[in-house]
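Analysis of the macromolecular model
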Amino acid sequence: MYHNYSYENALAASEKMRWNIEDVVGRGRKLDFTKPFLPESLARVEPLTFLTGREKLILNQIRGHAYLTMFGTVEEFILPFVMDHARPRLQDNDSRIRALLNFAGEEAKHIQLFKQFRKEFLAGFETPCNVIGPPSEIAAAVLSHHPLAVALLTLHIEWFVQRHYIESVRNNGELDSQFKSLLKYHWIDEAQHTKLDTLMIDSLAESYTPDEIVKAMEEYLEMGAFLDQGLTQQVQFDLESFTRATSRELNEEQIKEFNQVQLQANRWTYIGSGMSHPNFLATVNSLNPEWKNRLEQLAPAFC
Ligand SMILES: [Fe+2]
Ligand SMILES: [Fe+2]
């Protein structure tokens with residue numbers, strides 16, 4: 001076995017680290033709009049040298065808003081997926097069902113938390129910011145795929161949450177403390193979710209033939225292409241939000257550069273940082289080593 005995860009340990013950690021929405025938002029805590037919300041490794045506003053410092057900050061915050069909304073969106077499919085996985089497994093293993101129910105409850109909590117943050121963001125930001133969606137339609141599209149493909153996409157997402165926080169948020173002294181706190185609390189719960197996703201994949205894979213596993217891998221890539229289309233649309237929304245917020249009209253050349261840099265920034269944030277995560281690749285390797293090599297070759301295009 002390439003990992004030592006167990007339902008018992010994930011459950012114990014989830015119980016020990018439990019937190020409420022009130023621990024993170026409300027009680028007079030506000031977003032500070034004089035500070036960046038996302039680390040530069042995800043936002044990539046610095047390469048856009050034709051923007052002023054203030055314009056870069058505004059673009060960073062627009063990206064922060066989209067980041068929150070994107071989580072709200074993906075969690076709308078993760079929640080029913082985990083519940084559907086748990087429903088036929090009520091018996092036999094008490095720790096498993098409790099761990100899976102905590103997982104679902106935590107995602108429901110995150111959905112509510114991100115909605116609350118979004119409300120506060122829009123109240124403070126003043127001009128509207130559009131995002132792709134609606135979440136229910138995206139969730140329906142994702143859930144129409146092979147369950148193992150959906151589990152892989154979920155694992156990919158939860159590993160990149162870990163990566164973003166550990167590599168570029170935890171020791172970042174520049175970010176708004178409220179936004180950073182949100183990312184920290186989310187990271188705490190997601191640390192157990194990565195393990196539970198891995199265990200769900202182990203259990204799903206047992207019931208599929210090698211051909212079906214390949215089909216699931218193909219569908220994981222199809223969903224990646226679907227996500228990539230969404231990101232292209234999101235960059236357009238972000239440009240519109242930026243123009244509204246700053247009243248800065250970019251010329252044709254600048255728009256081209258904006259689109260290129262920001263599309264690649266979004267690709268790294270939501271695709272490359274998950275697809276190339278060593279623990280995600282270890283799980284893919286356990287299913288089909290050839291596909292691990294294939295993903296390693298594909299990932300640089302999204303980095
Ligand atoms: Fe979450
Ligand atoms: Fe999660």
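Residues numbered from 1 in each chain as written. Chains lettered and ligands numbered in written order. Predicted model: local features only at pLDDT ≥ 70, side-chain atom pairs only at ≥ 80, totals over all residues. Heavy atoms only, no water.

**Brief notes about the overall build of the chain**
For the chain, the count of helices and strands is 11 helices and zero strands. Listing every helix and strand of the chain by position from the N terminus yields α-α-α-α-α-α-α-α-α-α-α. A globule of 303 residues ought to have a C-alpha radius of gyration of about 19 Å, and the chain, at 19 Å, matches this closely. The dimensions of the chain, computed from C-alpha atoms along their principal axes, are 60 × 45 × 35 Å. Counting over 303 residues, the chain shows a buried share of 56%. Long-range contacts, defined as pairs at least 24 residues apart, comprise 84% of the intrachain contacts of the chain with a sequence gap of at least 6. (Helix = DSSP H or I, 4+ residues; strand = E, 2+ residues; numbered from the N terminus. Rg over C-alpha atoms; globule rule 2.2 N^0.38 Å. Buried < 20%, exposed > 50% of the residue type's maximum accessible area, 1.4 Å probe, protein only. Contact = heavy atoms within 4.5 Å.)

**Some details on the coordination of the iron ion (ligand 1)**
Coordination of the iron ion (ligand 1) by the protein involves Glu75 (OE), Glu107 (OE), His110 (ND1), His186 (NE2) and Glu190 (OE), with metal-donor separations of 1.8 to 2.4 Å. For the iron ion (ligand 1), the single-chain donor residues occur in sequence as E-x31-E-x2-H-x75-H-x3-E. Overall, His186 belongs to the buried group, its relative accessible area being 2%. (Donors = N, O, S within 2.8 Å, 3.2 Å for Na, K, Ca; no water.)

**Digging into the coordination of the iron ion (ligand 2)**
Ligation of the iron ion (ligand 2) by protein atoms is provided by Glu107 (OE), Glu158 (OE), Glu190 (OE), Glu190 (OE) and His193 (ND1), these donors lying 1.7 to 2.4 Å from the ion. Here the iron ion (ligand 2) and the iron ion (ligand 1) are spaced 3.4 Å apart, linked through Glu107, which binds each one. Here the residue Glu107 occupies a position in helix α4 (residues 94–125), and Glu158 occupies one in helix α6 (residues 147–169), the gap between them amounting to 51 residues. When sorted by exposure, Glu107 lands in the same class as Glu158, which is buried.

**So, the nonpolar core**
Counting residues in hydrophobic clusters, the biggest one holds 99 residues, and the most contacted among them are Phe77, Leu152, Tyr220 and Leu295. Counting residues per element, this core draws most heavily on helix α3 (residues 53–86), at 14 residues. Filtering out sequence-adjacent residues up to four positions away, Phe77 remains in contact with Ala139, Val142, Leu143, Val150, Leu153, Thr154 and Ile157. (Core = buried A, V, L, I, M, F, W, Y, C linked by side-chain atoms within 4.5 Å.)

**Quick word on the pattern of salt bridges**
A side chain of one charge can pair with a side chain of the opposite charge when the charged atoms of the two come close. Tallied over the full model, the rule gives nine salt bridges. Across the pair Arg248 and Glu55 runs a salt bridge, and its minimum N-O distance is 2.7 Å. A residue pair is termed long-range when its members are at least 10 positions apart, and Arg248 in the loop between α8 (210–246) and α9 (252–275) and Glu55 in helix α3 qualify at 193 residues. Using a relative accessible area of 8% as the deciding quantity, one classes Glu55 as buried. (Salt bridge = Lys/Arg side-chain N within 4 Å of Asp/Glu carboxyl O.)

**Points about the side chain of Asn172**
By the element assignment, Asn172 lies in the loop between α6 and α7 (177–206). Accessibility expressed as a relative area gives 16% for Asn172, which makes it buried. Not counting residues within four places of it along the chain, the set of residues in contact with Asn172 comprises Pro39 and Lys180.

**Details of helix α10 (residues 278–287)**
Taken residue by residue, α10 has Phe280, Leu281, Thr283, Val284 and Leu287 as its buried positions. Take α10 and look down its axis: the buried residues cluster within an arc of 155°, on one side only. Close packing links the buried residues of α10 with α6, α7, α8, α9 and α11 (289–298). (Arc of directions from axis to C-beta.)

**A look at the packing of aromatic side chains**
The description of an aromatic ring pair uses the distance of the two centres, along with the angle that the planes make with each other. If you walk through the whole model with that rule in mind, you get 16 aromatic pairs. Ring geometry for Phe33 against Phe121: centres 5.7 Å apart, planes inclined by 55°, an arrangement best described as tilted. Of the two residues, Phe33 sits in the loop between α1 (7–16) and α2 (40–43) while Phe121 sits in helix α4, which places them 88 residues apart along the sequence. Judged by centre distance (5.0 Å) and plane angle (10°), the ring pair of Phe37 and Phe179 falls under stacked. Of the two residues, Phe37 sits in the loop between α1 and α2 while Phe179 sits in helix α7, which places them 142 residues apart along the sequence. (Phe/Tyr/Trp six-rings, centres within 6.5 Å; stacked < 30°, edge-to-face > 60°.)

**A closer look at the environment of Asp94**
Mapped onto the elements, Asp94 comes out in helix α4. Each C-alpha atom of the pair Asp94 and Leu175 lies 41 Å from the other, and the pair is 81 residues apart in sequence.

**Digging into the side chain of Ser273**
Note on placement: Ser273 falls in helix α9. Classification of Ser273 by relative accessible area gives buried; the value is 0%. Polar side-chain contacts of Ser273 include one of 2.9 Å to the side chain of His164. Apart from residues no more than four positions distant in its own chain, Ser273 is found in contact with Phe160, Arg163, His164 and Trp268. (Polar contact = N/O pair within 3.5 Å; in protein donor to acceptor, adjacent residues only side chain to side chain.)

Any functional reading would require information beyond the geometric quantities listed.
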